[in-house]
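# Survey of secondary and tertiary structure
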Amino acid sequence: MAKSEEIVYINSEGKRVDGRKVDELRPIKIVPSVLSRAEGSAYIEWGQNKALVGVFGPREALPQHIQDPTKALVNYVYRMATFSVPDRKSPKPGRREIEISKVSGEALERAIFVERFPNTTIDIYVYLFDSNAGTRCAALTAASVALADAGIPMRDLVSACAVGRAAGTIILDPCKAEEDASDAVDMPLAIMPRTKEVVLLQMDGLIGKEEWKKAFELGIKGCLQVYEIQKKALKRKYEEIAEEEEKTIKQIDKELKKVEKK
Ligand code: CDP
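First, a word on scope: everything that follows refers to the structure included in this document.

### What about the nonpolar core?
Core analysis: the largest hydrophobic core is formed by 58 residues, its most contacted members being Y76, L108, I112, I124, L140 and L147. For this core, the element with the highest residue contribution is helix α2 (residues 135-149), accounting for 9 residues. Not counting residues within four places of it along the chain, the set of residues in contact with I112 comprises V74, I122, L147, I152, P153, M154 and R155. Ranked by size, the runner-up nonpolar core spans 6 residues in total, among them I7, Y9, I171 and A184.

What follows is the structure in structure tokens.
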């Protein structure tokens, strides 16, 4: 690959390395209810990023000494497959995975009505199979859909999206090449969209106050677009169930008519 200095991050038409506009997300596809053994689940494709989330619980937190009589524990586990990155990753969870698990779990805890489920744990397992930057946001976005799929009561969904800077330009949803720019800034952001409450905000790189404001505003816009995609994915699931039910009812009606004729 060419050195980052040789890359044209924004071309004369205002397009980025992967052809996107500065305020454009990568294509996002979310499919809820993909795992039969989980209470809730979701699969997400966000550009090249691919992740699967399974939600289990609320169930009794064990061993008992970890229980909190005032709320459910949110146990978020983010893991990357060994083959999900260019250089094979050790299967042992590293500091990065532990940090992402911690901050993502805390973000979701703000949304979940944890106080309704004392002494329990809500386990959220996220596995990344392919990656190209922005995986913590993709994972968090899918996890929130999986929680809704599990029917766990929440104040709102959590919608996440990173914003950043490459070659002096503020860009939405940076890809890996952009994250590797010499002046790169990467700012993962997650909100509860109804109130716009920020539940996760991290920053890698240095940025001035005015640029930060611009980046934050663009990040919020990105999260709101992600929110619409999440809602559509959940709605589609119920539409499919309704279609299936309608088909079954029609079939039963047909059978009944046959019986009546006899
Ligand atoms: O993925 P995200 O942007 O949330 O986290 P990051 O720590 O900024 O990582 C950016 C990207 O670096 C990941 O999405 C992976 O594609 C890549 N990476 C890698 O190649 N090897 C690792 N051990 C970890 C991350």
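Okay, back to it.
### Quick word on the environment of T135
Its location among the elements puts T135 in helix α2. Classification of T135 as buried rests on a relative accessible area of 4%. Once residues within four sequence positions are removed from consideration, T135 is found in contact with N49, Y78, M80, R96 and L128.

### Details of the sheet that holds strand β4 (residues 73-80)
Sheet strands pair via backbone hydrogen bonds, and the direction of the pair is either parallel or antiparallel. Read from one edge of the open sheet, 5 strands run β1-β2-β3-β5-β4, paired in mixed fashion. A single partner strand is all that each edge strand has here, and the edge strands are β1 (28-32) and β4. Ignoring strand direction, the axes of neighbouring strands in this sheet form an average angle of 15 degrees. Docked against the sheet, helix α1 (residues 95-111) engages β4 and β5 (120-130), running at close to 140 degrees with respect to β4. In the packing of helix α4 (residues 209-261) onto the sheet, contacts are made with β1 and β2 (40-46), and the angle to β1 comes to roughly 35 degrees.

The rules behind each value
Residues numbered from 1 in each chain as written. Predicted model: local features only at pLDDT ≥ 70, side-chain atom pairs only at ≥ 80, totals over all residues. Heavy atoms only, no water. Core = buried A, V, L, I, M, F, W, Y, C linked by side-chain atoms within 4.5 Å. Buried < 20%, exposed > 50% of the residue type's maximum accessible area, 1.4 Å probe, protein only. Helix = DSSP H or I, 4+ residues; strand = E, 2+ residues; numbered from the N terminus. Contact = heavy atoms within 4.5 Å. Pairing = 2+ DSSP bridges. Axes fitted to C-alpha atoms, helices over the stretch in contact; angles between N-to-C directions.

Geometric values such as these leave the question of function open.
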